[in-house]
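# Overview (structure and organization)
Next come the chains, spelled out residue by residue.
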Amino acid sequence: MDTKLKNYIVKENGDIILNMGPQHPSTHGVLRLEVVLKGETVKQVVPHIGYIHRGIEKMCEYDTYKQIIHLTDRMDYLSAHMNNEAVCLLVENALGIEVPERVKYIRVVLDELTRIASHQLWWSAYGMDLGALTAFFYGMRDRERILDIFEESFGSRLLHSFNTPGGLMHDVHPNFQKHTMEFVKYFRKKLPEYHQLLTDNVIFRNRTQGIGVMSKETAIAYGVTGPSGRGSGYSCDVRKIAPYGVYDQLEFEEIIYDEGDSFARYMVRMKEIEQSLNIIEQAVDKITDGPYTAKVKPIIKLPEGEYYQRVETARGELGVYVVSDGKKFPYRMHFRSPNFNNLFVLNTIAKGHLIADLVAISGSLDLVIPDIDR
Amino acid sequence: MSGVIKYFADILHGIKTLWGGMRITGKYFLSPKEIVTQQYPEIRHKQKIVYDRFKGEVIMPHDENNQHNCTGCGVCEMYCPNGSIEIITKKIPGENGKMIKVIDKHIYHLSMCTFCGLCIKVCPTQALAWGQNFEHAVYDRSKLTKVLNKPGSSYKGLNKKKEAKS
Amino acid sequence: MHDRIYDFSQLTHHIDQALRSVMSPTWTVITELVIIGLIFLGFYALLGLFLVYAERKVCALMQNRIGPNRVGKWGTLQTVADLIKLLTKELVYIKRSDKFLYNLAPFIVIVASFLAIAAVPFAKGLQAVDLDIGIFYIIAVTSLGVIGILLGGWASNSKYSLIGAMRSGAQVVSYELSVGLSLLSIVIFTGSTRLSTIIASQADGWWIFKGHIPAVIAFLIYLVAATAEINRGPFDLPEAESELTAGFHTEYSGIKFAMFFLAEYMNMFLVAAIATTLFLGGWMPFHIGHWDAFNRIMDYIPSIIWFFGKVFFIIYVIMWFKWTFPRLRIDQLLKLEWKYLLPLNLINTIIIAFIVMMGWYF
Ligand code: SF4
Ligand code: SF4
């Protein structure tokens, strides 16, 4: 092997620069991490984003508020329903539209079902990141039940553009409540298996405990929200601190762990699933009869001004910022997407860990790449 | 001494948790009834695999007289965020010699559709609906451009008007 | 009487006689070598195909899936189809790689596993060579495989491969110790390293039962260490899919990849075969004390079925490990060996030596 070749792999000072991605099994999408390694130890992580940039914010400027909804689906596709809701809430609040009770409760149930589905998918993928391949299938198997509920009511399983300013596109299926309760019962039975398979496992604990510790200050400094922020003791659940919909009328806990390591982030999500099940149980019974949408003008025009609305998606705080000039299209639309902030903390918390830990850490941040690039 | 005890306790605890995981996979190994996968191409013929509301594609239902509900108003075209619908209208002589506007071709680009459902919701005459077909794979992209109104079809309302008059 | 029915030494003896009657002794030996070689090659290929199929079925069932089910009945021919696919695939040519070593590596890996199989006693009288140092021969030969992995990782000029290969080196070197020590415990019991002697010593009970708890511990340690030595999950760090895409064989394609793949499964078979031979009585049937009727029935099951039954059971357990556990990290992997397995193993060996000295075993 000639010397030229050697330099190609290993740099003069012994560093190895490894490009993880854009096609890599554990970046969960087209994210490129430029990792500087010393042996197997990570010296620096530089995320390169933009591989799946579609210009959603720009596209929004040429769409009416009703049309924007379907674009928000495509950002964080695992929290599609919450993204829709953010835009809908913004329009409703701006115009003072009173949404029927029925819609509010249905939205909450869907929010939480989406959250569970998202966490299930994350659990599966996290297991796979750490090499527990079977966990992947158990998570997917149970998620399928939620997707079936979605499909029955909205016709699509993942991106269901089901919200519309003022209410819902159409009414839910008559079996919706029944099937949701059946799922809650089923999943309460299956959840202990998740813990037995992964949470309690000694290998899993060693792989996650004490790995990628993020202090509360770091979390706040980087704006890390959602389960990743709450794993660091940062109380940032929008459902609690700025309730929207009917969250203020439902009983649930905000899960906060103080350790700030990967395992804390993991536990926040697992406990959140339980809380979501509780919320669903409370909300499903309260779905009253009534119209599925309020009366809304066919062409929505927001009065001139700036508007902001935030919701809690499965990954953190999603903010929608709109500047309107009174026309039917927004003048400027901006999304404060949770994953963008969650990604860039990676360098700070992964430094000094091994390359295997890098996978465990980036997995525990639960990144969805299209949401970062938009 | 306590270090030694902890050492062995650690080992025992580790073995216990590992065995807990193995029990789960072992249980599923021995219960083939829990298998959830479906045999896809075959299962189509045995049972319905999508729900009634499934959004497979946008279709335009026709009745037995080859008539549909579309007036050619163009609202769906206007609402579609992706420009997947093109309405081409034509003028035909109506009852009293006046030219009336009817739909000539309702062109639907399946490849550009994001299944947002707006066109179906806004159509004033409910001319559009969701079809449940989901096997859209084709060899040529141009095959995904469809004309929704069938050849020779006409607007239902026209007859009604005629009947009402006669 | 009945044990003579299934004795393969009669058969092999007859073949030998027949060959000797038609040709000179030298040619006889050469012919026999060729025959044995061909048999092993065929056996090797068939077993590899079967194990791949078995693994896919086992993991599918654990994951609530059906597994291969399209090619042939229950998908039995799936692996054959895969093999044909691999054979016809393009061999990727890598710029700036060390071509000679790159091409050599898969052969080293596969030859290492192929050599070891010669010493495995499959059934009564069915063993190619019965070496005096049988166990040490197998240990020595199987650990040659890691050279192939190291070469492959280094020569393919890829960072993923390099890291994978280096991990593999560290891993095999450490776990070799535990494997050796746990096998040593049985050698202490029997006082012989000849595999046929070890099997003969288990005629009245397998070592895992006869040797009390220390033998069980040795067996468990062997199972863990051997799983690690053959780079299988949860110790599959050299290939660590989620970190290193495919580790040392990232850059290999087609038949060269297939060789790495096949070698992995053959190593699994070898590990299971050694465990069977040393701890589970090899091809000896299962006997319980003085239940003569029961023992007689057990004797009627051919020894080759006993052997493969036990081997497949152990292979199943190894697969069970892989499909349940998350992967360890490299430092944890080494910690497990140096902090837990090795000290335990040393203590265990001393206890066994003590037991043998006092004659406290059956
Ligand atoms: S479903 Fe949406 S994207 Fe598709 S054609 Fe209708 S309006 Fe356009
Ligand atoms: S489908 Fe409906 S909305 Fe579209 S042109 Fe026809 S009548 Fe108008």
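A few points on the structure. (Residues numbered from 1 in each chain as written. Chains lettered and ligands numbered in written order. Predicted model: local features only at pLDDT ≥ 70, side-chain atom pairs only at ≥ 80, totals over all residues. Heavy atoms only, no water.)

Counting secondary structure elements, chain A contains 16 helices and eight strands. Rg of the C-alpha trace for chain A: 21 Å, near the compact-globule value of 21 Å for 374 residues, within the 12% margin. Along the three orthogonal principal directions, the C-alpha set of chain A runs to about 75 × 50 × 35 Å. By residue count, 63% of the 374 residues in chain A fall in the buried class. (Helix = DSSP H or I, 4+ residues; strand = E, 2+ residues; numbered from the N terminus. Rg over C-alpha atoms; globule rule 2.2 N^0.38 Å. Buried < 20%, exposed > 50% of the residue type's maximum accessible area, 1.4 Å probe, protein only.)

Moving on, we get to the interface of chain C and chain A. Counting residues at the interface gives 31 residues for chain C, matched by 39 residues for chain A. Here chain C meets chain A over a buried area of about 3200 Å², counting both sides, of which 62% is carbon and sulfur. Of all residues in chain C, C:Lys159, C:Pro326 and C:Arg329 give up the largest surface area on contact with chain A, accounting jointly for 20% of the area buried on that side. Between C:Arg329 and A:Asp357 there is a salt bridge, with its nearest N and O atoms 2.9 Å apart. Our enumeration of links across chain C and chain A arrives at seven residue pairs in polar contact (both at pLDDT 80 or more). Breaking the side of chain C that touches chain A down by element, the ones donating at least two residues are helix H7 (145-155), helix H8 (159-190), helix H12 (241-244) and helix H16 (330-358) of chain C. Considering each element in turn, the side of chain C that touches chain A owes the most residues, five residues, to H8(C). (Contact = heavy atoms within 4.5 Å. Buried area = accessible area lost by both parts, 1.4 Å probe. Salt bridge = Lys/Arg side-chain N within 4 Å of Asp/Glu carboxyl O. Polar contact = N/O pair within 3.5 Å; in protein donor to acceptor, adjacent residues only side chain to side chain.)

This part covers unusual backbone geometry. The phi torsion at B:Phe115 lies on the positive side, around 55°, for a residue other than glycine. Its place among the elements puts B:Phe115 in the loop between strand S4 (99-109) and helix H4 (118-122). A relative accessible area of 22% places B:Phe115 in the partly exposed class. Here C:Asn64, not a glycine, exhibits a phi torsion of approximately 60°, which is positive. Within the secondary structure, C:Asn64 is located in the loop between helix H3 (25-62) and helix H4 (78-88).

When you line up the elements, A:Arg230 lands in helix H10 (residues 226-230). In this view, A:Arg230 contacts A:Cys236, A:Asp237, A:Glu254, A:Ile255, A:Ile256, A:Tyr257, A:Val268, A:Glu272 and A:Glu312; residues no more than four positions away in its chain are not counted.

The subject of this paragraph is the site of ligand 2. Neighbouring ligand 2 are 14 residues; B:Cys70, B:Cys73, B:Gly74, B:Cys76 and B:Cys123 lie closest to it. Residue composition of the shell around ligand 2, by class: nine nonpolar, five polar and no charged. (Near = heavy atom within 4 Å. Nonpolar A, V, L, I, M, F, W, Y, C, P; charged D, E, K, R; others polar.)

This next bit is on the site of ligand 1. Around ligand 1, the structure places 13 residues, and the nearest of them are B:Cys80, B:Asn82, B:Cys113, B:Cys116 and B:Cys119. Taken together, the residues that form the shell around ligand 1 break down as nine nonpolar, four polar and no charged.

So, about the pairing of strand S3 (residues 41-48) of chain A. All names here are of chain A. Bridge count for strand S2 (residues 32-38) against S3 is seven bridges, and the pairing is antiparallel. Across the sheet, Leu37 pairs through a bridge with Val42, a residue of S3. Connecting S2 to the next strand, S3, in antiparallel fashion are two residues, including Gly39 with a positive phi near 65°. (Pairing = 2+ DSSP bridges.)

The partner chain C presents 18 residues to the 20 residues of chain B that form the contact. Interface area, chain B with chain C, both sides summed: about 1700 Å², of which 69% is carbon and sulfur. For chain B, the biggest contributors to the area lost against chain C are B:Tyr7, B:Met22 and B:Phe29; these three give 35% of the whole. Residues C:Arg70 and B:Glu42 are paired through a salt bridge, measuring 3.2 Å at the closest nitrogen-oxygen approach. One can count eight residue pairs in polar contact (both at pLDDT 80 or more) joining chain B with chain C. Listed by contribution, the elements that provide at least two residues to the side of chain B that touches chain C are helix H1 (2-30) and helix H2 (40-46) of chain B.

It is worth spelling out the sheet that holds S3(A) at this point. Residue and element names in this part refer to chain A. Across the sheet, which stays open at both edges, the three strands sit in the order S1-S2-S3 with antiparallel pairing between neighbours. For this open sheet the edge positions go to strand S1 (15-20) and S3, each flanked by a neighbour on one side alone. Taking each pair of neighbouring strands and ignoring which way they run, the sheet shows an average axis angle of 20°. Where S1 meets S2, six bridges bridge the pair, whose relative direction is antiparallel. Along S2, the bridge assignment pairs Ile17 with Val36. (Axes fitted to C-alpha atoms, helices over the stretch in contact; angles between N-to-C directions.)

Between its first and last C-alpha atoms helix H12 (residues 262-286) of chain A spans 36 Å; for 25 residues at 1.5 Å apiece the expected length is 36 Å, and the two agree. Counting buried residues in H12(A) gives 18 out of 25 residues, a clear majority hidden from the surface. (Expected span 1.5 Å × (residues − 1).)

What follows deals with the environment of C:Arg296. Residues and elements named next belong to chain C. With respect to the secondary-structure elements, Arg296 resides in helix H14 (residues 292-300). Overall, the relative accessible area of 49% leaves Arg296 in the partly exposed class. Sequence separation between Arg296 and Pro285 is 11 residues, and the spatial gap between their C-alpha atoms is 9.6 Å.

To continue, consider the packing of aromatic side chains. On inspection of all chains with the given rule, the structure shows 40 aromatic pairs over all chains. For the ring pair C:Tyr222 and C:Phe279, a centre distance of 6.0 Å and an interplane angle of 35° mean the geometry is tilted. Linking C:Tyr222 in helix H11 (residues 212-229) with C:Phe279 in helix H13 (residues 254-279), this pair joins segments that are 57 residues apart in sequence. Residues C:Tyr222 and C:Phe279 agree in their burial class; the two are buried. Between C:Phe261 and C:Tyr265 the ring centres are 5.2 Å apart and the planes differ by 70°, which places this aromatic pair in the edge-to-face class. Residue C:Phe261 and its partner C:Tyr265 are both found in helix H13; the two are separated by four residues, about one turn of the helix. Given the relative accessible area of 6%, C:Tyr265 is considered buried. Taken together through their ring pairs, the aromatic side chains of C:Phe43, C:Phe50, C:Phe269, C:Phe307, C:Phe308 and C:Phe312 make up a single cluster. Sitting over the face of the ring of A:Tyr247, A:Arg239 holds its NZ or CZ atom 5.8 Å from the ring centroid. (Phe/Tyr/Trp six-rings, centres within 6.5 Å; stacked < 30°, edge-to-face > 60°. Lys NZ or Arg CZ within 6 Å of the ring centre and 35° of its normal.)

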